[in-house]
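Spelled out, the chains give:
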Amino acid sequence: DAGVIQSPRHEVTEMGQEVTLRCKPISGHNSLFWYRQTMMRGLELLIYFNNNVPIDDSGMPEDRFSAKMPNASFSTLKIQPSEPRDSAVYFCASRTESSYEQYFGPGTRLTVT
Amino acid sequence: GEDVEQSLFLSVREGDSSVINCTYTDSSSTYLYWYKQEPGAGLQLLTYIFSNMDMKQDQRLTVLLNKKDKHLSLRIADTQTGDSAIYFCAEILTGSARQLTFGSGTQLTVLP
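Here's a quick rundown of the structure. (Residues numbered from 1 in each chain as written. Chains lettered and ligands numbered in written order. Predicted model: local features only at pLDDT ≥ 70, side-chain atom pairs only at ≥ 80, totals over all residues. Heavy atoms only, no water.)

**Here's the deal with the overall build of chain B**
Note the cut-off: Here a strand is any run of E in DSSP of at least two residues, a helix any run of H or I of at least four, and the numbering for each starts at the N terminus. C-alpha atoms define the radius of gyration, and 2.2 Å times the number of residues to the power 0.38 defines the globule rule. Any pair of residues with heavy atoms lying within 4.5 Å of one another is described as a contacting pair. Here the Shrake-Rupley method, with its probe set to 1.4 Å, supplies the accessible areas, and only the displayed protein chains count as covering residues.
Counting its secondary structure elements, chain B contains 0 helices and 11 strands. Order of helices (α) and strands (β) in chain B, N terminus to C terminus: β-β-β-β-β-β-β-β-β-β-β. Computed over its C-alpha atoms, the radius of gyration of chain B comes to 13 Å, within 12% of the 13 Å expected for a compact globule of 112 residues. Sequence separation of at least 24 residues holds for 55% of the intrachain contacts in chain B that already meet a minimum separation of 6. Accessible surface, chain B: about 5,400 Å² in total, of which carbon and sulfur atoms supply 49%.

In structure tokens, the structure reads:
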């Protein structure tokens with residue numbers, strides 16, 4: 001099994017640009033999670049999906065952030081416009097709905113200058 | 001305050017046992033987890049324990065849960081340099097739709 005796949009692994013962009021992060025969950029997993037990790041705030045849950053439907057987006061910082069899951073094997077997290085304070089590592093994770101084991105991708109390190 | 005608390009740093013000598021501690025505040029925790037994060041990598045699920053258990057052992061890893069004190073620990077026997085990483089404790093609360101709440105992580109450094 002390839003595990004959770006994220007792309008790109010690194011992204012450097014200028015303030016004001018649009019950023020799109022991508023995630024492919026483990027095949028057969030129907031719950032998907034987006035997290036953000038920073039030194040100051042640790043790991044924060046941004047949003048999670050169940051069967052492609054957003055269930056809880058209360059962790060999304062503001063309207064500049066949006067997430068979609070058009071099908072069971074793909075999700076995006078978009079930041080528009082990006083700001084330097086969005087610099088962080090963004091993780092995607094997945095699990096089956098009935099499981100308690102959540103698996104993480106390798107993360108995307110985002111730097112906004 | 002934080003729901004899950006960990007000390008920030010731990011150093012041990014190679015070959016010794018490491019004990020990483022975690023306290024949580026919510027007695028309705030159902031599952032408690034340990035994840036490992038190596039530099040530049042994602043979080044690797046090491047082990048987890050259901051709240052009706054006191055102990056779980058998996059090769060070099062032993063998890064101890066004290067529900068009365070809301071204390072969770074991870075013991076790594078015969079610690080190796082490859083065990084150097086950040087270790088995160090996490091919990092799932094009853095009725096939280098199985099969302100994980102993480103501690104701040106403990107940086108384990110294994111000295112030769």
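So that's the structure; there's more coming.
**Some words on the environment of Ser 66 of chain A**
All names here are of chain A. For clarity, the threshold we go by: Burial classification: accessible surface area is computed with a 1.4 Å probe over protein chains only, and a residue below 20% of its type maximum counts as buried, one above 50% as exposed, and the rest as partly exposed.
Secondary-structure assignment places Ser 66 in strand S7 (residues 65–71). On the basis of relative accessible area, Ser 66 is assigned to the partly exposed category, the value being 32%. In the structure, Ser 66 is positioned 14 residues away from Gln 80 in sequence and 8.4 Å away in space, judged by C-alpha atoms. Aside from chain neighbours lying at most four places away, what touches Ser 66 is Met 60, Thr 76, Leu 77 and Lys 78.

**Side note on the state of the cysteines**
Going by this rule: Criterion for a disulfide: a pair of cysteine sulfur atoms at a distance within 2.5 Å.
Applying the stated criterion across every chain, the model contains 2 disulfides over all chains. Each sulfur in the disulfide pair Cys 23 of chain A and Cys 92 of chain A lies 1.9 Å from the other. Because the sign of the S-S torsion sets the handedness, a value of about -70° for the bond joining Cys 23 of chain A and Cys 92 of chain A places this disulfide among the left-handed ones. Taken together, the residues span a long stretch of sequence, with Cys 23 of chain A in strand S3 (residues 19–24) and Cys 92 of chain A in strand S9 (residues 88–95) at a distance of 69 residues. We classify Cys 23 of chain A as buried; its relative accessible area is 1%. Cys 92 of chain A gets classed as buried once you look at its relative accessible area, which sits at 0%. With its sulfur 2.0 Å from that of its partner, Cys 22 of chain B forms a disulfide with Cys 89 of chain B.

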